[in-house]
Amino acid sequence: MGASQTRTESKYQDLADRTGFSPEQIKNLHKRFQHLSGNEDTISRANLNSIPALANNPIKKQIIEAFFDKRNQHQDEVGSFGEIGFEQFLMVMSHFRPPTLKTTEEEKEALRKEKLRFLFNMHDTDNDGTITLEEYRKVVEELLSKSGAIGLEAAKAIADAAMLEVASTNVPHMAPDDFYEGITFEHFEQILQGLEMESRMHIRFLDVDTTTMRCGKSTS
Amino acid sequence: MPSGAGSHNPAGIGRSLPERGLLLLMVLVFLEGSVLPLGAASSPDIRHQENVDNHKAADPGHNFTKKAFPVLDLDYKHIQTPFEISLWVLLASLMKLGFHLIPRLSSIVPESCLLITVGLLVGGLIKLAGEQVPPVLDSRLFFLCLLPPIILDAGYFLPIRPFMENLGTILMFAVVGTLWNAFFIGGLLYAVCQIQPANPNPLHAMELLPCLLFGSIISAVDPVAVLAVFEEIHINELLHILVFGESLLNDAVTVVLYHLFEEFAGAGTVTVMDGVLGVISFLVVALGGVLVGAIYGILSAFTSRFTSHTRVIEPLFVFVYSYMAYLSAEMFHLSGIMALIACGAVMRPYVEANISHKSHTTIKYFLKMWSSVSETLIFIFLGVATVDGPHAWNWTFVTVTVILCLVARVIGVVGLTYVINQFRIVKLTTKDQFIIAYGGLRGAIAFSLGFLLDKNHFPMREMFLTAIITVVFFTVFVQGMTIKPLVELLAVKKKQEAKRSINEEIHTQFLDHLLTGIEDICGHYGHHHWKDKLNRFNKKYVKKCLIAGERSKEPQLIAFYHKMEMKQAIELVESGGGVKLPSAVPSTVSMQNIQPKKPPPAKPAERALPQLPKGREEEIRKILRSNLQRTRQRLRSYNRHTLVADPYEDGFGDLLLKKQRMIELEKKIKDMSNYLTVPAAPPDSPTMCRARLASGKDTDFKPAQQQKGSKVCPDPQAYSMKQGSDGVPTIHVDLASPQSPDSVNLMDEFRQASQQQEKDEDQGLMMKPPSRPTGRRKPGETDADKDQQKLMRCLSDPGPSAEEDEDEDEPFLP
């Protein structure tokens, strides 16, 4: 990266305005980004795949895929990237920002929608606006993928039951010939109302640089 | 305790009049609150004499005959203690019952207030009758009998997730907050006592240490009071766990402070060394309590691993181990409350995986029962003790205490929240702070601790007790009564009542993994990361040791799914065998509606169910029902030591197995033919839908219906039809899930029968039986196959009048 210090500073500020992160957080994330990409400008699936801590995550594939999903960039595009730059990386991360004390009710609502949309997009792999039974089964299968043979069979039953639950809560009366195509976003919102996504789907982004902290500890 | 009441009742009916009269009188006392003093006594020594005299006076006509063998004898002394305990419990239960019969009253006034009032009345009556009020809220009784059930109930059903997520905040409030309260109240009280030079009252004599001791007693938020009030206001989970968690964890602080100050009050001086020792002692008391609890919890979990053959005593292990944890902790002056909480929380996930469903229900009910009786008794006793107590009313002291309590609480909460909010992601709003401060109720623990004080060391004990009671009454009555309207007024978020749905469970798990993954990508290890690590450790090692059999490998999601399925099945049974749909799926949506559409059926005309003559349909239905009844009755043999073979367990396991087979089958079928999925259910039959849903596949009866045809004309459909038919799970699952054991048995009988008759059929879960009897009974019938459809519907819909035809003869099962 040949950018000068001031340019990176202003770039950080620009990103901070768009993603809502503080410049320090962005700086931290940038460090991590560079670490992951091996000091490249972009990051590829292989980079993320090689994170050792992710190895045990049953939904590793979906998580990585979400980073390369154009729908998560707020730009009304679909499809997926081959590689993403820091800006895209940050955009995806911004879905996991916690609400602050000052967020108003409307903002909270928007935040919730945004977070739910992120989840929805993770499930809706073919981007047709609905999570079909097949897609849902896939999700549950992945979730249970670490639990061996029993997982696969149960996954299907669970997905079916879950789908049925969605269908019956949202469309209570169906003729036997009707067909529930899949979970739309509205229905998705409906069923996950109780989870309070706006206050749950977040992680703590560090304000302070951990690497320097470690250095500080060793020196002091 | 219950046995005392139970054994007495029949005796009263069968024996002498006086005794019966006595019983009647006692009940009257409780019901009407009349002036008779008989009922209220729990300590044997005081009441006993009077009671015996009573009987002597009433009895002579019957008993004082000769020296002959006494046909009837009265020995009240013999049963006095358990009898009086039973009476107290009975009084408590009746009161609880009574309040809920008057919904208007209980909606305004919290139960705890009403109970205290009842206690006051009872105490007043005893006093009026010139009796000495028994020391009901004796510390031993309170700490060894009344408190543990409540705490165990709280610990066992502690919502671990929110608790752990907010542990930092809770600890902050519990430790720092309580310390602050104790020292603030104690210190300022001392100051107030000193600044009245003109006033010649005993307050001058107060020293600092008794003041601090008093502060530490009065500063702890009481779990019993908090539970009683918060359970009624249905506040959101976060606030509930914050206040309640604080009330539980501050026990360690209170214990240490109490012992510390009690010790020093005797010695007189405190050095820095003592302070340091106090801090160490706090750590020992808190962590030691948790450790003791965890050890017993693990022991309990380990024991429950081997109880699969003696299901009846399973619940006992939970209670006994927990109680032992409590006692062991108390033995070393560790925090018994923390030990109980830790014990309950540690054992629960493992015990629940090991024990049977019925045992689980038993545990749940026993805990709830004990804790609610204890709670009721505590509040009543609090009232009685108020009347009884040697009071030393001191306006200054009492008023200052109440005000200081409020002020300290508010300052403490606001100050601590300010600090905590720097670290919290979900910040505590002003409203939250208000409720936390306002929810700081004091209760019987404080009173009991005050009661424990030694009169010789603390000449002000009576004044302390009076002040404590005033504070307790103030918080319970004023705050307890106004908190509900305030919650409404402030529009504090309430708890949602909805049950946890499977979708939510899926997404909770999904979110956990997602957040862990994102944290890992971010490269720092937040609490999701550590939680994940812990979970993995738990799954890998701990579960294997503590959970028997297959279930140790069962992922949480699957366990949840099974539980949910079971609940639905039970609901279905309870609702009358499929008349009503379970509330979880209150619609007509069926599996078929969400399955991807398959090509249209070959013969759409056959979809409609053929009409059966009304009479015949009824007949068939009766036959099926009575069969069901018979198998069900067969299971109901009673044995004192073993419960009836647990229907849900065995039946359920069976069901799961069969379901698994079915899923495999479905896979096969899918590859084969398109003709399988013909929607056949008439829209008017919700049970059918339910059946289809439960079976996890869209079933239709066409294949079954065509079996005959398939034998005749071997067209390409034939094989697949048969597959479909033997996979037809409709009846099987529908029966199996609502009426598990019986229906599974029935199913087996069916299957055996059908295998005998039609050897050429596949072995699967066929729905043959109905067709067989039908055929046998009316051999000439040409549309037997169509009847079969009808039959299936009958079978799947036992109807509301399932019980009426037990005496029906059933000609069709061998």
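Structural notes, computed from the coordinates. Only a predicted model underlies this, so the values are computations on that prediction, with no experimental measurement involved.

### Here's the deal with the overall build of chain A
The helix and strand inventory of chain A stands at 11 helices and 4 strands. Across chain A, contacts joining residues at least 24 apart in sequence account for 58% of those joining residues at least 6 apart. By element, 50% of the accessible surface of chain A is carried by carbon and sulfur atoms, the whole surface being about 10,500 Å².

### So, helix α5 (residues 76-101) of chain B
The α-helix advances 3.6 residues per turn, and as a result positions three or four apart in sequence lie on the same side. Residue Pro82(B) marks the point of greatest curvature in α5(B), where the axis turns by about 40°. Residues Tyr76(B), Gln80(B), Phe83(B), Glu84(B), Ser86(B), Leu87(B), Trp88(B), Val89(B), Leu91(B), Ala92(B), Met95(B) and Phe99(B) constitute the buried set of α5(B).

### Let's talk about a nonpolar patch on the surface
A contiguous nonpolar patch, built from Val272(B), Met273(B), Val276(B), Leu277(B), Ile280(B) and Val284(B) and spanning about 560 Å² of accessible area, is present on the exposed surface. With respect to the secondary-structure elements, Met273(B) resides in helix α14 (residues 272-304).

### What to know about the packing of helix α8 (residues 139-156) of chain B against helix α20 (residues 444-452) of chain B
Packed helix pairs are characterised by how far apart their axes lie and by the angle those axes make with each other. Residue and element names in this part refer to chain B. At a minimum axis distance of 9 Å, the contact between α8 and α20 shows a crossing angle of 145°. Contact residues: Ser 139, Phe 142, Phe 143 and Leu 147 in α8; Ala 444, Ile 445, Ser 448, Leu 449, Phe 451 and Leu 452 in α20. Residue classes in the contact of α8 with α20 are distributed as 8 nonpolar, 2 polar and no charged.

### Details of the packing of α8(B) against helix α12 (residues 223-233) of chain B
Residue and element names in this part refer to chain B. Two elements in contact, α8 and α12, have axes separated by 10 Å at closest approach and are oriented at 55°. It follows that α8 is oblique to α12 by the angle criterion. In the packing of α8 onto α12, the handedness of the crossing is left-handed. Across from Leu 147, Ile 150, Ile 151 and Ala 154 in α8, the residues of α12 making contact are Pro 223, Val 224 and Leu 227.

### Quick look at unusual backbone geometry
Residue and element names in this part refer to chain B. Positive phi is not limited to glycine here, since His 234 has a value of about 50°. Considering the arrangement of structural elements, one finds His 234 in the loop between α12 and α13 (237-267). One non-glycine residue, His 333, lies in positive phi territory at about 60°. Tracing the sequence through the fold places His 333 in the loop between α15 (314-331) and α16 (336-354).

### Structural notes on the nonpolar core
Judged by nonpolar contacts, the single largest core of 144 residues is most densely connected at Leu147(B), Phe230(B), Ile380(B) and Phe397(B). The element that contributes the greatest number of residues to this core is α13(B), accounting for 16 residues. Counting residues in each nonpolar core, the second largest holds 73 residues, with Leu36(A), Leu54(A), Ile84(A) and Phe560(B) among its members.

### Some remarks on the pattern of salt bridges
Charged atoms that come close allow side chains of opposite charge to pair. Enumeration over the complete set of coordinates arrives at 16 salt bridges over all chains. The residue Glu165(B) makes a salt bridge to Arg161(B) at a minimum N-O spacing of 3.6 Å. Separated by 4 residues within a single helix, Glu165(B) and Arg161(B) lie in helix α9 (residues 160-165), roughly one turn from each other. For Glu165(B), a relative accessible area of 39% puts it in the partly exposed group. By relative accessible area, which is 29% here, Arg161(B) ends up partly exposed. Connected via shared salt-bridge partners are Glu109(A), Arg112(A), Lys113(A) and Glu189(A).

Criteria and cut-off values
Every chain begins its residue count from 1, and numbering advances along the sequence as written. Chain letters start at A and ligand numbers start at 1, both assigned in the order the entries are written. Residues qualify for local features only when their pLDDT is at least 70, as the model is predicted, and side-chain atom pairs are given and counted only at 80 or more; totals for whole chains, interfaces and linings, by contrast, use all residues. The basis for every side-chain value is the complete set of non-hydrogen atoms in the structure, without hydrogens or water. Each helix is a run of H or I in the DSSP string that is no shorter than four residues. Each strand is a run of E no shorter than two, and both are numbered from the N terminus. Any two residues whose heavy atoms approach within 4.5 Å at even a single point are treated as in contact. Per-residue and other accessible areas were derived by the Shrake-Rupley procedure at a 1.4 Å probe size, with only the shown protein chains allowed to occlude residues. To get the bend at a residue, fit one axis to the 7 residues ending there and another to the 7 starting there, then take the angle between the axes. Buried means the residue's accessible area, taken with a 1.4 Å probe over protein chains only, is under 20% of the maximum for its type, while exposed means over 50%, and partly exposed covers the values in between. Each patch is built from residues that are more than 30% exposed by relative accessible area and take part in no salt bridge. Like charges join if they lie within 9 Å; nonpolar side chains (Val, Leu, Ile, Met, Phe, Trp, Tyr) join within 5 Å. A pair is scored as a salt bridge if a Lys or Arg side-chain nitrogen falls within 4 Å of a carboxyl oxygen belonging to Asp or Glu. The convention used is that axes are lines fitted to C-alpha atoms, helices contributing only their stretch in contact, and that angles between N-to-C directions extend from 0 to 180 degrees. Put simply, Ala, Val, Leu, Ile, Met, Phe, Trp, Tyr, Cys and Pro go in the nonpolar bin, Asp, Glu, Lys and Arg in the charged bin, and everything else, Gly too, in the polar bin. Oblique is the label for any angle not under 35 degrees, not over 145, and not in the 65 to 115 range, which are roughly parallel, roughly antiparallel and roughly perpendicular in turn. For any helix crossing, the convention is left-handed if the near helix is rotated counterclockwise from the far helix by under a right angle, and right-handed if that rotation is clockwise. What is meant by a nonpolar core is a set of buried Ala, Val, Leu, Ile, Met, Phe, Trp, Tyr and Cys residues, joined one to another through side-chain atoms within 4.5 Å.

The analysis is restricted to geometry; functional conclusions fall outside its scope.
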